[in-house]
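Architecture at a glance
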Amino acid sequence: MIDIEEEAARIAGQGGSAPRLARDPVNLPMINNWLEAIGDEHPGYTEVAPPAMVQVWTMAGLRGQRSADDPLGQMMAILDEAGYTSVVATNSDQTYHRYLKVGEHLSVTTSLEDVTGPKRTGLGEGWFVTTRSTWYVGDEPVAEMRFRVLKYTPASKPEPQPGPRQAQAIRPAVNRDTEYFWEGCRQGELRIQRCGGCGLLRHPPGPMCPECGATKPKYLVSAGCGVVYSYVVHHHPQVPGRRTPFVVALVELDEGVRVLGELAGEPAIGLPVEVVFTEVDDELTMPSWRPRADR
Amino acid sequence: MRIGDALPEWHVEATPTFVISTALATRDFQDVHHDRDRAVQRGSKDIFINILTTTGLVQRYVTDWAGPEVLVRQVDIRLGAPCFAYDTLKFFGQVIGREERDLTVEVVGRTAHGDHVTGTVRIEVPA
């Protein structure tokens, strides 16, 4: 059994790795290749390098190997051995103390800052490993990077649930205030509450008109057409009866009120949509939205 | 440039040529950034953009907006969903802090799969 925390403390205790010199000094051909690939037309990089290139200068290269004292490599080997075989980078925080001039020759040293775990993540159980690199010109520190990876055991994918997905759908709370709405859905009508006193349309339903205080609501049957006012794409967490990602749209009806519902297809603000009704079972029919065909 | 100012939305088409040329220009020769067969063997759906390029794009997004006179002092990014070849990477940004000449800009880069990158860029504007 490997004591990961003990090993981490040992590696952290070694301090920084021996400075590794960049293959080339900061130079214009590499700057220009970078600008060309990134598509950056910044005119200022003729005598200094783009700050975000700092790590480029000390990359190990095509046949590069990690040095034996590289703390990230050592920590990865230990976690590999402990069964955490996959890796994904999670954070890169770079601070640039000054711009680097053409001709300056960088070196870099890296130390292990922190190892925390085991943590349960969306990818699987793993450890967060944080290193700190410092770039130098001579003795002068010119840039720093804190870099974090998650080293993890891939979680096995859950078995897909059998049966129709509607069977496990979350059911709405139907009560005296909302019963007319769900009854409408069963009959293929999108019903919008209308105040029996002042005639104000309102949604979602409630017992009392916020405008005049009347408590005798009626309803209007909407034509079922509107446009997407706003939307979210839901990725996480999982929702019973739904396969992520799915779109929840706030639809502004032609009648003027806004109604929430799932939207099938590619969402866009202002997209003309129409209501569709899906019968889940005898009791429940759900309204949702789809792009309007007649546009 | 004031707190609340939004940066114009910017779209990057991550063509295979873009993914590969930026990986090589950042001296990152890991096969998942240039060899689709190997990337698929390793469980990815395609080659994807490397971290040094993401950092570069975040920097470019901010300096394209702020102008070449500003100095970039810090780029802090959190990495999310990979940006695969053929994805469109959409950048959004907003100024979230200012202390005299020191500005903090929040940046999000998003593909259809979710947030590829979220982070902040600290810049120094001319006096």
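In case you missed it, the structure is sitting above this.
Attention here is on the structure that accompanies the text. These numbers come from a predicted model, not from an experiment. One numbering rule holds for all chains: residues counted from 1, following each sequence as written. To read the labels, note that chains go from A and ligands from 1, taken in the order they are written. With pLDDT at 70 or above as the cut-off, local features in this predicted model cover only qualifying residues; side-chain atom pairs require 80 or more to be listed or tallied, and sums for whole chains, interfaces and linings still use all residues.

To continue, consider the packing of helix α1 (residues 4–13) of chain A against helix α4 (residues 71–81) of chain A. All names here are of chain A. Angles run from 0 to 180 degrees between N-to-C directions of axes, and those axes are lines fitted to C-alpha atoms, restricted for helices to the stretch in contact. Under the scheme used here, helices are H or I runs from DSSP no shorter than 4 residues and strands are E runs no shorter than 2 residues, and both carry numbers assigned from the N terminus. Where α1 contacts α4, the axes come no closer than 10 Å and their chain directions differ by 165°. If you check the angle between α1 and α4, you find them roughly antiparallel. In this structure, α1 meets α4 at a crossing whose hand is right-handed. Two secondary-structure elements touch here, α1 through Ile-4, Glu-7, Ala-8 and Ile-11 and α4 through Pro-71, Gln-74, Met-75, Ile-78 and Leu-79. The residue inventory of the contact of α1 with α4, partitioned by class, reads 7 nonpolar, 1 polar and 1 charged. Note that the term roughly parallel is reserved for angles under 35 degrees, roughly antiparallel for angles over 145, roughly perpendicular for angles of 65 to 115, and oblique for everything else. For any pair of crossing helices, the crossing counts as left-handed if the nearer helix is rotated counterclockwise from the farther one by less than a right angle, and right-handed if it is rotated clockwise. The contact criterion used is a C-beta to C-beta distance within 7 Å, with each C-beta placed from the backbone. Each residue gets one of three labels, nonpolar for Ala, Val, Leu, Ile, Met, Phe, Trp, Tyr, Cys and Pro, charged for Asp, Glu, Lys and Arg, and polar for the others, Gly among them.

Before going further, it helps to spend a moment on the pairing of strand β5 (residues 140–152) of chain A. All names here are of chain A. Inspection of the sheet shows strand β2 (residues 86–96) paired to β5 by 10 bridges, in the antiparallel sense. Bridging from a neighbouring strand, Asp-93 pairs with Arg-146 of β5. For two strands to count as paired, DSSP must find a minimum of two bridges between them. The turn linking strand β4 (residues 125–137) back onto β5 is made up of 2 residues, and Gly-138 within it adopts a positive phi angle of 65°.

Quick look at the sheet that holds strand β8 (residues 218–222) of chain A now. Residue and element names in this part refer to chain A. Here we have 3 strands laid out as an open sheet, ordered β7-β6-β8, and antiparallel in their pairing. Across the chains shown, the open sheet's two edge strands, defined by having one partner strand only, are β7 (201–202) and β8. Pairing of strand β6 (residues 190–194) with β8 involves 5 bridges; the strand directions are antiparallel. Within β8, the residue paired with Arg-191 across the bridge is Val-221.

The next thing to look at is helix α3 (residues 51–66) of chain B. All names here are of chain B. Every helix has an expected span of 1.5 Å times one less than the residues it contains. A rise of 1.5 Å per residue sets the reference length of α3, with its 16 residues, at 22 Å; its end C-alpha atoms lie 23 Å apart and thus fit the reference within 8%. Exposure classes come from backbone-placed C-beta atoms, where a residue is buried if 20 or more other C-beta atoms lie within 10 Å of its own, exposed if 12 or fewer do, and partly exposed in between. Taking burial as the measure, the 16 residues of α3 include 13 buried ones, the bulk of the element. Following α3 by one or two positions, Gly-67 adopts a phi angle in the positive range, close to 95°.

Let's shift gears to helix α1 (residues 16–25) of chain B. Because each turn of an α-helix spans 3.6 residues, side chains separated by three or four positions in sequence point in the same direction. If you check which residues of α1(B) are buried, you get Val19(B), Thr22(B), Ala23(B) and Ala25(B). All buried residues of α1(B) lie within an arc of 165° about the axis, which places them on one face of the element. Against α2 (28–38) of chain A together with β1 (6–14) and α3 of chain B lie the buried residues of α1(B). Taken from the residues just after α1(B), Arg27(B) is the one with a positive phi, measuring 55°. Starting at the helix axis, one direction is taken to each C-beta atom, and the arc is that of these directions.

In this complex, chain A contributes 25 residues to the contact, which on the side of chain B involves 26 residues. Elements with a contribution of two residues or more to the side of chain A that touches chain B: α2, α3 (54–57) and β2 of chain A. Looking at which element gives the most residues to the side of chain A that touches chain B, the answer is β2(A), with 8 residues. Looking at side-chain class alone, the side of chain A that touches chain B contains 12 nonpolar, 11 polar and 2 charged residues.

This part covers the sheet that holds β1(B). One open sheet holds the 10 strands; their spatial order is β1(A)-β3(A)-β4(A)-β5(A)-β2(A)-β2(B)-β5(B)-β4(B)-β3(B)-β1(B), and the pairing between them is antiparallel. For this open sheet the edge positions go to β1 (20–21) of chain A together with β1 of chain B, each flanked by a neighbour on one side alone. Where strand β4 (residues 102–111) of chain B meets strand β5 (residues 114–124) of chain B, 10 bridges bridge the pair, whose relative direction is antiparallel. Along β5(B), the bridge assignment pairs Val108(B) with Thr118(B). α4(A) rests against β2, β3 (106–120), β4 and β5 of chain A of the sheet, and its axis sits at about 30° to β3(A).

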